[in-house]
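Listed here are the chains, written in short residue letters.
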Amino acid sequence: MIDPVVLLVEELRAAQPALRNAAPSAQVSDEAWKLLHSALNGLQNRLLKTVPTSAMGAGELARIIAYRLVRHPEHARRFHDIADRLGAGQRLLNDLVWLRRLRNDLAQGMFGEPGQAVLPLLDLALVGASRPVLVFRAVAVQQRPAVAQ
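Per chain, residue numbering runs from 1 following the sequence as it is written. At least 70 in pLDDT is required for a residue's local features to be given in this predicted model, at least 80 for side-chain atom pairs to be given and counted, and no such filter applies to totals for whole chains, interfaces and linings, which use all residues. Side-chain measures were taken over the full set of non-hydrogen atoms in the model, leaving aside hydrogen atoms and water.

J.: Any chance you could explain the overall build of the protein chain here in plain terms?
T.: Each helix and strand in the protein chain was counted, giving six helices and zero strands. Mapped from its N terminus to its C terminus, the protein chain presents α and β elements in the order α-α-α-α-α-α. Think of it in three bands: with a 1.4 Å probe and only protein chains considered, a residue is buried below 20% of the maximum accessible area for its type, exposed above 50%, and partly exposed in between. For the protein chain, with 149 residues in total, the buried portion stands at 34%. In what follows, residue pairs with any heavy atoms lying within 4.5 Å of each other are defined as contacts. The long-range share in the protein chain, meaning contacts at least 24 apart out of those at least 6 apart in sequence, stands at 64%. Computed with the Shrake-Rupley method and a 1.4 Å probe, the accessible areas treat only the protein chains shown as cover for residues. For the protein chain, the exposed area adds up to about 10,100 Å²; of that, 55% sits on carbon and sulfur atoms. Helix and strand assignments follow DSSP, with helices taken as H or I runs no shorter than four residues and strands as E runs no shorter than two, numbered in order from the N terminus.

See the structure below:
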């Protein structure tokens, strides 16, 4: 199954340019623009309630956090690096430790309002990045050759 966070992020990526292009103008009515804006807000609210089921979903959340912390380039860069690794299925202990430490710092007021705004996303990303990976192996049943009687 596809991680639900990955699906939501793809929907958000598709909706954002449509909203930008449909900014209130002579071609788009205010009502149509409000509907698009409302749909985008709905997707963002769903994202805040959706737990990632994989490292890939956690990576998407880390990437969103990086964009929201653009005024803190060192941390944003680290989030991008972690997002790249999680997106590739790599979960490093150092990344999880850093994310948990930063989570505590954000909860104590680091970065002020922007830090508080990304805290729920970071909590969700930590859940997804910390999930155990299950590996299913196929078991081949060997058939014995028929014995001639």
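J.: Before we go on, may I ask you to explain the nonpolar core in this structure?
T.: Most often, soluble globular proteins keep nonpolar side chains buried together rather than apart. Formed by 36 residues in total, the largest nonpolar core has its most connected members in Leu47, Leu61, Ile65, Phe79, Leu99, Leu106 and Leu122. Contributing elements (two or more residues each) for this core: α1 (4-21), α2 (30-47), α3 (55-68), α4 (73-87), α5 (93-107) and α6 (112-130). Considering every element that reaches this core, the biggest residue donor is α6, with eight residues. Filtering out sequence-adjacent residues up to four positions away, Leu61 remains in contact with Val5, Leu47, Pro52, Leu121, Leu124 and Ala125. Buried Ala, Val, Leu, Ile, Met, Phe, Trp, Tyr and Cys residues that are joined via side-chain atoms within 4.5 Å together make up what is termed a nonpolar core.

J.: What exactly am I supposed to notice about the environment of Trp33 here?
T.: If you trace the backbone, Trp33 turns up in helix α2. By relative accessible area, which is 24% here, Trp33 ends up partly exposed. Linking Trp33 and Ala18, residues 15 residues apart in sequence, is a C-alpha distance of 9.5 Å.

J.: Hey, could you run me through the pattern of salt bridges in this one?
T.: Pairs can form between side chains of opposite charge whenever their charged atoms are close. Any carboxyl oxygen of Asp or Glu that lies within 4 Å of a side-chain nitrogen of Lys or Arg is treated as forming a salt bridge with it. In total, this model carries five salt bridges according to the counting rule given. Note that Arg13 is salt-bridged to Glu60, the shortest N-O span being 2.7 Å. One end of the pair, Arg13, is in helix α1; the other, Glu60, is in helix α3, with 47 residues separating them in the sequence. Under the relative-accessibility criterion, Arg13 is labelled partly exposed at 35%. A salt bridge links Asp84 to Arg63; its shortest N-O distance comes to 2.8 Å. Of this pair, Asp84 sits in helix α4 while Arg63 sits in helix α3, and the two are 21 residues apart along the sequence. Here Asp84 falls in the partly exposed class, since its relative accessible area comes to 45%. In this structure, a network of salt bridges that share partners links the residues Glu10, Arg13 and Glu60.

J.: I keep staring at unusual backbone geometry and nothing clicks. Help me out?
T.: Glycine aside, negative phi is the norm for most residues, and most peptide bonds take the trans geometry. One non-glycine residue, Phe111, adopts positive backbone phi at about 70 degrees. Looking at the secondary structure, you find Phe111 in the loop between α5 and α6.

Remember, this is a structural readout, not a statement about activity or role.
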